[in-house]
Amino acid sequence: MSPRTPDQQATMRDVAERAGVSPMTVSRVLRDDPRVAPDNRAKVLAAVEHLGYQRNEAARSLRVGSSRLLGLVVTNLANPFYSHLALGAESLAADRGMTVVLGNTAEAVQRERELVGDLVSRRVSGMIVVPAGGDHAHLRPERVHGIPVVLAARPPSGADLDCVLVDDFGGALAATTRLTARGHRRVGFLGLPPNVWTSAERFRGFSAGLAEAGLSVDERHVRLNLDGTAAAERATGELLDLADPPTALFTANSRLTIGAIRAITRARTTTALAGFDDFDLADVLGLPLTIVAYDPQQLGREAATLLLDRMAHGSDAAPRRVVLPTRIVEYGTRN
């Protein structure tokens, strides 16, 4: 790599590539972090000299660890999953004397970018992000001034980041298998936008469960892009009004499950129901429900654990991925 001309200003990533280290290591060298190995420090400084890299003084002032704040960015605060995730992260942060700053993106990528920028300006020490889009390049270390970032519920794309996931595929597969084992051959699916990781993985698990029983997905019985309880209730009503309605439904989250319950109860059908995410009062409804359960607070705690560890030890280690297992819970009685 040859030296840049004045109108081709080198970036932190350029320095990292030439030095053969991570962008975070470059950031640590430039802020005189004593934990950087001497040989890495020498390589970074040589690359800085060779490329004529100029430090951004505004970014320099946003040093990691300059606050006792952790940022948490989620996609839908109306979903109880995210409040439980936040409680899990906050409990661990509080034990370390830190405060969590919460932001909601409503699944809007631009809003996420704005919130991340705001958290950087607040000099948070780290961020947990449930990403709204499929490209996470804006969360790379050099784009957030070296602030550690951990993703929750969705894996990284376009950035090497730690993440904590739920076994979405395995949980949906197990629940669908329960339905087909009871003799159901027309099984419908209520899902979120297909570009959302959790929705795609749960639909993939659902499809695999049908395939194991020698069945294929009937597109007439699939409804996607459902954004809440009311939409799920309408979609379920449409399915139940078909000439050959599904005898069972799989729902991709608890809000869709509740909408389906309302429609099934109103129609007074015996439609079987399986869904992802446990929810309050599921055990007292008296309805036969198959639920894919896990602990969203544990997801928050695991994400905070990864983040605090990354804050303490830097980013030289390879990105880590933690996958939380699911379990099947049966409510109500069945014939």
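Above this text is the structure in question.
Predicted model, so just to flag it, every value in this text is computed and none were measured.

(A) Here's a closer look at the sheet that holds strand S11 (residues 321-324). The 6 strands are arranged S2-S1-S3-S4-S5-S11 in an open sheet whose pairing can be described as parallel. Both outer strands of the open sheet, strand S2 (99-104) and S11, are each paired with one neighbouring strand and no more. Taken over all neighbouring pairs, the strand axes of this sheet differ in orientation by 15 degrees on average, direction set aside. Here 4 bridges tie strand S5 (residues 162-166) to S11, and the two strands are oriented parallel to one another. Within S11, the residue paired with valine 166 across the bridge is leucine 324.

(B) Structural context of the packing of aromatic side chains. By the definition in use, this model includes 8 aromatic pairs. On the basis of an interplanar angle of 55 degrees and a centroid distance of 6.0 Å, the ring pair of phenylalanine 276 and tyrosine 294 is categorised as tilted. Taken together, the residues phenylalanine 276 in strand S9 (residues 272-276) and tyrosine 294 in the loop between strand S10 (289-293) and helix H11 (296-313) connect sequence positions 18 residues apart. Grouping residues by exposure puts phenylalanine 276 and tyrosine 294 together as buried. Through a chain of ring-to-ring contacts, three or more aromatic side chains come together here, namely Phe81, Tyr82, Phe276 and Tyr294.

(C) Molecular detail of helix H6 (residues 109-121). For H6, spanning 13 residues, the distance from its first C-alpha to its last is 19 Å, which sits close to the expected 18 Å at 1.5 Å a residue. Buried-residue contacts for H6 involve strand S1 (69-74), S2 and strand S3 (126-129). Within two residues after H6, arginine 123 carries a phi angle of roughly 60 degrees, on the positive side.

(D) Main features of the sheet that holds S10. What the 6 strands build is an open sheet, ordered S7-S6-S8-S9-S10-S12; its pairing is mixed. The open sheet has two edge strands with one neighbour each: strand S7 (222-223) and strand S12 (327-331). Sheet topology note: the strand S6 (residues 187-190)/strand S8 (residues 248-251) ladder contains 4 bridges and is parallel. By the bridge assignment for S8, leucine 190 is matched with threonine 251. Those strands touched by helix H8 (residues 197-212) are S6, S7, S8 and S9, and its axis lies near 175 degrees from that of S6. Sitting on the sheet, helix H10 (residues 254-267) touches S6, S8, S9 and S10, and the angle it makes with S9 is about 165 degrees.

(E) Up close: the side chain of asparagine 79. Following the sequence through the fold, asparagine 79 ends up in the loop between S1 and helix H5 (80-95). Looking at asparagine 79, the relative accessible area reads 7%, which means it is buried. A polar contact of 3.0 Å, which involves the side chain of asparagine 79, links it to the backbone nitrogen of phenylalanine 81. Setting aside its immediate chain neighbours within four residues, asparagine 79 contacts Asn253, Ser254 and Arg255.

(F) Summary view of the pairing of S5. Of all 5 residues in S5, 5 are buried; the element is thus mostly enclosed. Residues Asp162, Val164 and Val166 of S5 are buried on one face, and the alternating residues Cys163 and Leu165, pointing to the opposite face, are buried as well. Summarising the sheet, strand S4 (residues 149-152) and S5 pair through 3 bridges and their orientation is parallel. Note on S5: the bridge partner recorded for leucine 151 is cysteine 163.

(G) Inspection of unusual backbone geometry at higher detail. Positive phi is not limited to glycine here, since alanine 106 has a value of about 55 degrees. Mapped onto the elements of the fold, alanine 106 is located in the loop between S2 and H6. Look at aspartate 277: it is not a glycine, yet its phi comes out positive at around 85 degrees. Note on placement: aspartate 277 falls in the loop between S9 and S10.

(H) Quick peek at the pattern of salt bridges. Across all of its chains, the model carries 16 salt bridges by this definition. Across the pair arginine 223 and glutamate 238 runs a salt bridge whose closest N-O atoms are separated by 3.3 Å. Residue arginine 223 is found in strand S7, and its partner glutamate 238 is found in helix H9 (residues 229-240); the two are separated by 15 residues along the sequence. On the basis of relative accessibility, which here comes to 21%, the residue arginine 223 falls in the partly exposed class. A salt bridge links arginine 320 to aspartate 309, with the nearest nitrogen and oxygen atoms 2.6 Å apart. Separated by 11 residues along the polypeptide, arginine 320 in the loop between H11 and S11 and aspartate 309 in helix H11 bring together distant segments of the chain. Since its relative accessible area comes to 26%, arginine 320 is described here as partly exposed.

(I) Local environment of a nonpolar patch on the surface. A cluster of nonpolar side chains, Leu281, Val284 and Leu285, forms an exposed patch at the surface whose accessible area comes to about 290 Å². Relative to the assigned elements, leucine 285 resides in the loop between S9 and S10. You can call leucine 285 partly exposed: its relative accessible area is 39%.

(J) Seen up close, the side chain of glutamate 112. Considering the arrangement of structural elements, one finds glutamate 112 in helix H6. At 2.6 Å, the side chain of glutamate 112 forms a polar contact with the backbone nitrogen of alanine 132. Setting aside its immediate chain neighbours within four residues, glutamate 112 contacts Val73, Thr105, Val129, Val130, Pro131, Ala132, Gly133, His138 and Leu139.

Conventions and cut-offs
- Along each chain, residues carry numbers from 1 onward, in the same order as the chain's sequence is written.
- In keeping with the predicted nature of the model, local features appear solely for residues at pLDDT of at least 70, side-chain atom pairs appear and are counted solely at 80 or more, and the whole-chain, interface and lining totals rest on all residues.
- By convention in this description, side-chain values take in all heavy atoms of the structure and omit both hydrogens and water.
- In this scheme, strands are said to pair when DSSP sees at least two bridges between them.
- Strands here mean DSSP runs of E at least two residues long; helices mean DSSP runs of H or I at least four residues long; both are numbered from the N terminus.
- The axes used here are C-alpha line fits, helices contributing only the stretch in contact, and every angle between their N-to-C directions lies in the interval 0 to 180 degrees.
- Ring pairs are drawn from Phe, Tyr and Trp, using the six-membered ring of Trp, whenever the two centres fall within 6.5 Å, and their geometry is named by plane angle: stacked under 30 degrees, edge-to-face over 60, tilted for the rest.
- Burial classification: accessible surface area is computed with a 1.4 Å probe over protein chains only, and a residue below 20% of its type maximum counts as buried, one above 50% as exposed, and the rest as partly exposed.
- One less than the residue count of a helix, multiplied by 1.5 Å, gives the span that helix is expected to have.
- Only heavy atoms matter for contacts: two residues are in contact if any of them lie within 4.5 Å across the pair.
- As used in this structure description, the phrase polar contact means that two N or O atoms lie within 3.5 Å; if the pair is within protein, one of them must be able to donate a hydrogen and the other to accept it, and residues adjacent in sequence are counted only when both atoms belong to side chains.
- Here, a salt bridge means any side-chain nitrogen of Lys or Arg that lies within 4 Å of a carboxyl oxygen of Asp or Glu.
- Think of a patch as exposed residues, more than 30% relative accessible area, with no salt bridge, where like charges cluster within 9 Å and nonpolar side chains (Val, Leu, Ile, Met, Phe, Trp, Tyr) cluster within 5 Å.
- To measure how exposed things are, a 1.4 Å probe is used in the Shrake-Rupley method; for residues, cover is taken only from the protein chains shown.

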